[in-house]
Amino acid sequence: MKSIKKLGSAFCTRAAAYLATALSLLALVFFYSADWAYGWITELYPLGSGFITLIFCLTGVSAALGFICLLARAFAPDMRGAANKAFGALTAVALLLGIVEFIYTFVLVFGIDKGFSSAGFSQGFSSIAPNAGYLGAALAAALVIAVAPARKKALKAVIACVLVAAVTAAPMAASNLLSASGSDSLPPMEIDSENLMSGASIEYESLKKGEKADAANLLDDSDSCWTAQDPDRTPADSEQDINNAYVDIKLSGVKTFNTAVIEEQGNEAQYFRLLAKVNGEWQLVYQSEKIQSQRLCSFDPVTTDTVRLSIDKFRSSSAPVKISSLKLYNVEKRDPGDLEVTAYQRLDGDVPTEILARGDEYVVQYARFYDVYSTVIVFAAVQWDEQGNMHFGELGEEGFAREVAALKEIISRRSNPEHQVKLVVTALADGAWGDGHNGVNVYMAQHWQEIADKIAAFVAEYGFDGVDIDWEYPQTSADWKNYDSFIARLDDKMHEADPDAVITAALSAGSLGMSQETLDRLDQIQFMAYDGNDEDGYQSSLQQAQEGLQDFIDNGADVSKINIGIASYGRPVNGSPYWAVWRDLEEANYWNSKYYTVHDSNQVYEGTFCSPALAGDKTAYALFSGCGGVMVFRVGTDKLMSDQNSVACGIENALHRYFTEW
């Protein structure tokens, strides 16, 4: 009897009311965050989708009951008699419901029904994160009320909590709204073609056990998604798709298209394919690893009335891939205008005189690069000392002149002599000689004027079409002021000698401290859209380029001057300092950017590259987003174009798809 009384007394406390409130609030957030599981949950209960509503109602009611009891204890701490027992009973009900709801939703959001795993907990925390701020504010508000010692202080606590919640919830809501907008925060694309998905219908959707059919969401303009599921890789009854999820779409008629745009909410897709039914057989149109917010896919024209989108690899079996739309376009060819395809080339990598020594057949083969590139930047040829003196490294100036002449000879052997190729030199580069990225800020602080003058004279002496500046990176406001002054003086000096001289700069989206005048003076911006590993370790993804391009726009850059960077080398997914060469990757293929056994510098690691297909996508994206073009770093790490898996081949394929000539 005493034990029962003690238990009853325990329910008549603020602590019990707070615990009931907290558990129900946690359950509410857990269940709301686990929306990816709703499809198969509804299949397990007689209420179907009504079960979702029931859980929300129960958790909401129990949280409200707990909070009411908490307020009652705070404003009537000396409650006795029937009222005390009634609120004690309400607290007991709320606490019991809270415990059950918490356990159920905790198991659900962290995937514990499938066993304890780091992947399950990682997925759970990722799902909760967008709502963690609201949860923390609510728990903190309830806690303040729970510990307030008197009525007046409890009232003040309630008012303060309401005000704090209003102030904190507004920016969190705005932040979540912006992050949920996905592709809205990316630079817009202008594709001059109708969406050929208009009038299409879903012909077939593969389903996993307990999955709800929702592929029709691909065909509307709402935020609803096709939630391609992979729970335990278990197909539904009579289904065979164990390892993937796909949807077959019947177009309104026979259509020809060469471009697709796929939009994903989140970053769960780890490999996908687009296929077309041609003469009764499925034909591969495109495949790659990543979709993310807005994936542009460029491919040779295909004619069909049925397409298939297949999600082949998932980040985890507990979360679906949310595809909000698939659009197909047939983009007609146009004049290339001022589009640039720029490439960096070292004289000590593929040594020009050694290339010439290999004979005419090899030279002609190598010169195919210059049918694609319209600007070649000679990189890592000169350096500066702390006194502002120019040096030519091991080559010496005589060797430099010899190799530049040989490079010009190779470029002249391109198959299309009508194709114009500018030759630019990187006359200022930090870190190109293995000495880190600190020296330039030191010597430029004192010698930027004379260095600008010497560079202008150097460019004129060797007949270069322009100069490239690779200053990585100004660190302080004084450094950026020097950068601005240096570019202004260099621009003036260069154009005194040659009004058509080109000034380009290699820039990172994360380091843009120059003035608007400096941005306006640049003719080309070489946007280094690589080396920035995302959460999966990809170092040259399309999304990285899109987000970086938006940073340039926000900083006042003219998008028509920006060349989107393409890496013809790879980096480990863990970001360690190794740079594998695409030319040496034996298992390289046209589609894949990720490789699991990259051999480099006596290391074996997982690494990512920019595949030829992705290089073509970046070229198409430059066209549709109004960019100046693309840039490759660098020629010496790419495969020769006699190999269809050359990065340059991927770019060339895109050029031939969208331009009447190149």
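For clarity, every value in this text was computed on a predicted model and none was experimentally measured.

## Thoughts on the overall build of the chain
Okay, so step 1: Scanning the chain for helices and strands turns up 18 helices and 21 strands.
Okay, so step 2: Per-residue burial for the chain yields a buried fraction of 54% across its 662 residues.
Okay, so step 3: Summing over all exposed atoms, the chain offers an accessible surface of approximately 28,800 Å²; the carbon and sulfur share of this is 54%.

## Focus: empty space enclosed by the protein
Okay, so step 1: On inspection of all chains with the given rule, the structure shows two cavities of 30 Å³ or more.
Okay, so step 2: Roughly 90 Å³ of volume is contained in the largest cavity.
Okay, so step 3: If you go around the largest cavity, you meet 14 residues; those closest to its centre are K290, R295, S541, L542 and L614.
Okay, so step 4: Taken together, the residues of the lining of the largest cavity break down into four nonpolar, seven polar and three charged.

## Observations concerning the sheet that holds strand β17 (residues 569–572)
Okay, so step 1: Spatial strand order, β18-β17-β20-β19: four strands in an open sheet with antiparallel pairing. Here the strands that pair on one side only, and so sit at the sheet edges, are β18 (580–581) and β19 (594–600).
Okay, so step 2: Pairing of β17 with β18, which is carried by two bridges, proceeds in the antiparallel orientation. Residue Y569 lies in a different strand from β18, and its bridge partner there is V581.

## Examining the environment of K327
Okay, so step 1: Relative to the elements of secondary structure, K327 occurs in strand β7 (residues 321–329).
Okay, so step 2: Overall, the relative accessible area of 25% leaves K327 in the partly exposed class.
Okay, so step 3: The spatial distance from the C-alpha of K327 to the C-alpha of I262 is 6.5 Å, given a sequence separation of 65 residues.
Okay, so step 4: In this structure, K327 is in contact with N195, M197, T259, A260, V261 and E263, ignoring residues within four places of it in sequence.

## With respect to the pairing of strand β5 (residues 281–288)
Okay, so step 1: Here strand β4 (residues 269–278) runs beside β5; their pairing, made up of seven bridges, is antiparallel. In the sheet register, V278 faces β5, and the bridge partner there is E281.

## Concerning the confidence of the model for the chain
Okay, so step 1: Per-residue confidence for the chain gives a mean pLDDT of 87, with 86% of residues at or over 70.
Okay, so step 2: Confidence drops under pLDDT 50 across residues 172–183; counting only partners more than four residues distant or on other chains, this segment forms nine contacts.

## Some words on the pattern of salt bridges
It is possible for side chains bearing opposite charge to pair when their charged atoms get close.
Okay, so step 1: Throughout the structure, instances matching the rule amount to 26 salt bridges.
Okay, so step 2: Close ionic contact of R273 with D312 constitutes a salt bridge, the shortest N to O distance being 2.9 Å. Residue R273 is found in strand β4, and its partner D312 is found in strand β6 (residues 295–314); the two are separated by 39 residues along the sequence.
Okay, so step 3: Looking at D312, the relative accessible area reads 15%, which means it is buried.

## So, the packing of helix α4 (residues 50–75) against helix α5 (residues 81–109)
When two helices pack together, their arrangement is given by the angle between their axes and by how far apart the axes lie.
Okay, so step 1: At a closest axis distance of 9 Å, the pairing of α4 and α5 adopts a crossing angle of 140°. The orientation of α4 relative to α5 falls into the category oblique. Where α4 crosses over α5, the two elements pack in a sense that is left-handed. Across the interface between the two elements, F51, L58, T59, S62, L65, G66, I68, C69, A72 and R73 from α4 touch N84, F87, G88, L90, T91, A94, L97, E101 and Y104 from α5.
Okay, so step 2: Among the residues making up the contact of α4 with α5, the classes are represented as 11 nonpolar, six polar and two charged.

## Quick notes on unusual backbone geometry
Okay, so step 1: Following E472, the chain continues to Y473 via a peptide bond in cis, the omega torsion being -10°.
Okay, so step 2: With respect to the element layout, Y473 can be found in the loop between β13 (466–470) and α14 (477–497).
Okay, so step 3: Cis rather than trans, the peptide bond between F633 and R634 has omega equal to 0°.
Okay, so step 4: Along the polypeptide, R634 turns up in the loop between β21 (629–633) and α18 (647–658).
Okay, so step 5: Phi angles above zero are rare outside glycine, and N279 is one such case at about 55°.
Okay, so step 6: Mapped onto the elements of the fold, N279 is located in the loop between β4 and β5.

## A word on helix α16 (residues 542–554)
Okay, so step 1: The first and last C-alpha atoms of α16 sit 19 Å apart over 13 residues, in line with the 18 Å expected at 1.5 Å per residue.
Okay, so step 2: Looking at α16, one finds that the buried residues are L542, Q543, Q544, A545, Q546, G548, L549, Q550 and F552.
Okay, so step 3: Check the buried side of α16 and you find it contacts β6, β14 (502–507), β15 (524–527), β16 (562–567) and α17 (612–624).
Okay, so step 4: Phi turns positive one or two residues past the end of α16, at G556, with a value near 95°.

## Looking at the side chain of R346
Okay, so step 1: Residue position: R346 is located in strand β8 (residues 340–346).
Okay, so step 2: Among the polar contacts listed, one links the side chain of R346 to the side chain of D348, at a separation of 2.9 Å.

## Concerning the nonpolar core
Okay, so step 1: In terms of nonpolar packing, the biggest core is built from 106 residues, with I455 and F486 touching the most fellow members.
Okay, so step 2: Contact partners of I455, with chain neighbours within four places excluded, come to W384, A427, L428, V467, I469, F486 and L490.
Okay, so step 3: With 34 residues, the next largest nonpolar core counts A200, L218, F257 and L274 among its residues.

## Let's talk about the sheet that holds strand β12 (residues 422–429)
Okay, so step 1: In spatial order, the strands read β8-β9-β12-β13-β14-β15-β16-β21; together these eight strands close into a barrel with parallel pairing. Here the average twist between neighbouring strands, direction ignored, is 25°.
Okay, so step 2: Sheet topology places β16 next to β21; five bridges connect them, and they run parallel. Bridge pairing in β21 links I566 to V632.

## Considering the packing of α16 against α17
Okay, so step 1: For the pair α16 and α17, interaxial distance at closest approach is 10 Å and the crossing angle is 25°. On the basis of the axis angle, α16 is roughly parallel to α17. The two elements α16 and α17 cross, and the hand of that crossing is right-handed. In contact with L542, A545, Q546 and L549 of α16, α17 contributes L614, K618 and Y621.
Okay, so step 2: Looking at the contact of α16 with α17 residue by residue, the classes come out as five nonpolar, one polar and one charged.

## Regarding the packing of aromatic side chains
Okay, so step 1: In this structure the tally under the stated criterion is 39 aromatic pairs.
Okay, so step 2: On the basis of an interplanar angle of 45° and a centroid distance of 5.2 Å, the ring pair of F392 and F400 is categorised as tilted. Grouping residues by exposure puts F392 and F400 together as buried.
Okay, so step 3: Here the aromatic rings of Y595 and F609 are separated by 5.9 Å at their centres, their planes lie at 80°, and the arrangement is edge-to-face. Pair noted here: Y595 is in strand β19 and F609 is in the loop between β20 (603–608) and α17, with a separation of 14 residues, a long-range link. Both residues of the pair, Y595 and F609, belong to the buried class.
Okay, so step 4: These aromatic residues form a ring-pair network of at least three members: Y344, F379, Y530, Y569 and F633.
Okay, so step 5: The ring of Y362 has R358 sitting right over it, with the charged end atom 3.9 Å from the ring centre.

Conventions adopted
- Residues numbered from 1 in each chain as written.
- Predicted model: local features only at pLDDT ≥ 70, side-chain atom pairs only at ≥ 80, totals over all residues.
- Heavy atoms only, no water.
- Helix = DSSP H or I, 4+ residues; strand = E, 2+ residues; numbered from the N terminus.
- Buried < 20%, exposed > 50% of the residue type's maximum accessible area, 1.4 Å probe, protein only.
- Areas by Shrake-Rupley, 256 points an atom, 1.4 Å probe, with all protein chains shown as cover.
- 1 Å grid on protein atoms, 1.4 Å probe; cavity = no way out; pocket = protein on both sides within 12 Å on 5 of 7 lines; lining within 4 Å.
- Points joined across faces, edges and corners; volume = space filled by probe spheres on them.
- Nonpolar A, V, L, I, M, F, W, Y, C, P; charged D, E, K, R; others polar.
- Pairing = 2+ DSSP bridges.
- Contact = heavy atoms within 4.5 Å.
- pLDDT = per-residue confidence, 0-100.
- Salt bridge = Lys/Arg side-chain N within 4 Å of Asp/Glu carboxyl O.
- Axes fitted to C-alpha atoms, helices over the stretch in contact; angles between N-to-C directions.
- Parallel < 35°, antiparallel > 145°, perpendicular 65-115°, else oblique.
- Left-handed = near helix turned anticlockwise from the far one by under 90°.
- Expected span 1.5 Å × (residues − 1).
- Polar contact = N/O pair within 3.5 Å; in protein donor to acceptor, adjacent residues only side chain to side chain.
- Core = buried A, V, L, I, M, F, W, Y, C linked by side-chain atoms within 4.5 Å.
- Phe/Tyr/Trp six-rings, centres within 6.5 Å; stacked < 30°, edge-to-face > 60°.
- Lys NZ or Arg CZ within 6 Å of the ring centre and 35° of its normal.

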